Amino acid sequence: AGLAAIIGHLVETQFSFAVTTTATLFWILLGMIAAPWSRSISTSVDADDGRRTAWSRRLLAVALLVTTLPFSVDILVADTYAGQAHRTQTVIDLQRSVAATERALALWPTQPAYHEHLSWLHLQLALRGYDPLAEFQSAETALDAARRLAPGHYRLWAGFGELYTEWGKAGDPARFAQAESAFRQAVTLFPESAMLHTGWGLSYMAQNRLAEAAAQFHQAAHLDHTDAWAYWRLGDALLAQDDLAGAAEAYHNAIRWAPDLVEPYRGLGHIYHRQGRFEAALLAYQTALRLTPDDPNLYLDVARIHRELGQIELACQAASHGLWIAPAHPDLLLFHAGCP
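The structure displayed is predicted, hence computed values, not measured ones. (Residues numbered from 1 in each chain as written. Predicted model: local features only at pLDDT ≥ 70, side-chain atom pairs only at ≥ 80, totals over all residues. Heavy atoms only, no water.)

**Q** Run through the overall build of the protein, naming residues and quoting values.
**A** Across its full length, the protein holds 17 helices and zero strands. Relative to its full complement of 340 residues, the protein shows a buried share of 43%. The contacts of the protein with a sequence gap of at least 6 include a subset with a gap of at least 24, amounting to 50%. (Helix = DSSP H or I, 4+ residues; strand = E, 2+ residues; numbered from the N terminus. Buried < 20%, exposed > 50% of the residue type's maximum accessible area, 1.4 Å probe, protein only. Contact = heavy atoms within 4.5 Å.)

**Q** How would you sum up the state of the cysteines? Please name residues and give values.
**A** One pass over the full model with this rule turns up one disulfide. The disulfide bridge from cysteine 316 ends at cysteine 339, spanning 2.1 Å between sulfur atoms. Between cysteine 316 and cysteine 339 the disulfide shows an S-S torsion of about -110 degrees. By sign, it is left-handed. Of the two residues, cysteine 316 is situated in helix α16 (residues 312-325) and cysteine 339 in the segment after α17 (330-337); the sequence distance between them amounts to 23 residues. For the pair shown, cysteine 316 and cysteine 339 are each scored as buried. (Disulfide = S-S within 2.5 Å.)

**Q** Give a description of the nonpolar core that names residues and reports values.
**A** Judged by nonpolar contacts, the single largest core of 66 residues is most densely connected at Leu163, Tyr251, Leu268, Ile271 and Phe335. Those residues in contact with leucine 268 that sit more than four places away from it in its chain are Ala248, Tyr251, His252, Ile255 and Ala284. Formed by 10 residues, the second largest nonpolar core is a distinct cluster that contains Leu105, Leu118, Leu121 and Ala142. (Core = buried A, V, L, I, M, F, W, Y, C linked by side-chain atoms within 4.5 Å.)

**Q** Can you tell me about the confidence of the model for the protein, naming the residues and giving the values?
**A** Here the protein shows a mean pLDDT of 85. Residues at 70 or above account for 75%. Under a pLDDT of 50 for its full length, residues 9-19 has, in the predicted model, 18 contacts with residues more than four places off or in other chains. (pLDDT = per-residue confidence, 0-100.)

**Q** Give a description of unusual backbone geometry that names residues and reports values.
**A** Positive phi, normally seen in glycine, also occurs at asparagine 208, with a value near 65 degrees. Tracing the sequence through the fold places asparagine 208 in the loop between α9 (194-206) and α10 (210-223). Although it is not a glycine, aspartate 242 sits at a positive phi angle of roughly 65 degrees. Mapped onto the elements of the fold, aspartate 242 is located in the loop between α11 (228-240) and α12 (244-257).

**Q** Please set out the environment of tyrosine 130 residue by residue, giving values where relevant.
**A** As for its position among the elements, tyrosine 130 is in the loop between α5 (112-127) and α6 (132-149). Distance in space between the C-alpha atoms of tyrosine 130 and valine 91 is 7.7 Å, their sequence separation being 39 residues. Look past the residues within four positions of tyrosine 130 in its chain and what remains in contact with it is Val91, Gln95, Leu125 and Glu135.

**Q** So what's going on with the pattern of salt bridges? Which residues, and what values?
**A** Tallied over the entire structure, the rule returns 11 salt bridges. In this structure, the salt-bridge partner of glutamate 116 is arginine 155, at a minimum N-O distance of 2.9 Å. Linking glutamate 116 in helix α5 with arginine 155 in helix α7 (residues 154-169), this pair joins segments that are 39 residues apart in sequence. Given the relative accessible area of 19%, glutamate 116 is considered buried. For arginine 155, a relative accessible area of 40% gives the class partly exposed. Residues joined by salt bridges that share partners form a network here, namely Glu180, Arg184, Arg209 and Glu212. (Salt bridge = Lys/Arg side-chain N within 4 Å of Asp/Glu carboxyl O.)

**Q** If you had to explain the packing of aromatic side chains to someone new, which residues and values would you point to?
**A** Overall, the coordinates contain eight aromatic pairs when judged by the stated rule. For the ring pair tryptophan 108 and tyrosine 114, a centre distance of 5.7 Å and an interplane angle of 85 degrees mean the geometry is edge-to-face. For tryptophan 108, a relative accessible area of 12% puts it in the buried group. By relative accessible area, tyrosine 114 is classed as buried at 1%. Taken together, a centroid distance of 4.9 Å and an interplanar angle of 55 degrees make the contact between tryptophan 229 and tryptophan 232 tilted. Here the residue tryptophan 229 and the residue tryptophan 232 both occupy positions in helix α11, the gap between them amounting to three residues, near one helical turn. For tryptophan 229, a relative accessible area of 48% translates into the label partly exposed. Given the relative accessible area of 8%, tryptophan 232 is considered buried. Pairwise contacts between aromatic rings join Phe136, Trp157, Phe160, Tyr164 and Trp167 into one cluster. (Phe/Tyr/Trp six-rings, centres within 6.5 Å; stacked < 30°, edge-to-face > 60°.)

The following block contains the structure:
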């Protein structure tokens, strides 16, 4: 039984999906293997009765195995396909992952996690600009299938919230109301989740509803005072409302819990720039640049601060570095056009 649990757990961690039936199959197999060498637990003095009891148990195990084996094999194969559905670097990777997930669903159509993952893959394709409307619709269809199987799962409602937010940002603002409804349902199901409040706040940010976004980020930070992402987003919301002191405090809290997070340093750079603290702003931007050396926007930030400090040569060098990464960056091109 212990070995069965270990094997089942290894399969689960490998593929990130529940495999209870697969583990059960291992339990049965191990029981059948161990049975011939195990001593009978019967207390009957009649040896023939003891043998008949032992054989009846083995026959029952065989019957259970025959009943569960086809379904268990299908689930194991489905999990194998699902394990091949996590490559997302390119559009082709995403399309192959979609195909693998669909093969998994053909074998195990009642697994909500497969439908949820399929929806996420379609959403990623939409965000990459690959036939966005069709991919948004496919993502919605897959999530609907998952919701029918697990209507009370908060994570599925959060998935709807993310999907409708991105759909709204892509040019269908009516979707934002659906996003708000979905996040409200998710929070109702799991009110202690900081992640859900952060996601809801991001949906409000996409609509420029800054005060409501800040309230959600505040709630997320209240629920988990170590949530660096909540503090980072809170800083963004407060900075957009010109609350420089509150934004700086939020960014510092984000850095406290996640010192390798880039955006809070950039946010501090923006604050210091607006306050005329150019040296402090330059240090903040340079720290962010060390963490993300391939971000052309940070080179633009550094170039602007060097110009404020009268360091024109360094400013133009920073702009040139940024253009080497992103040759068509419009703001870097405009800045560099003013260089001697």
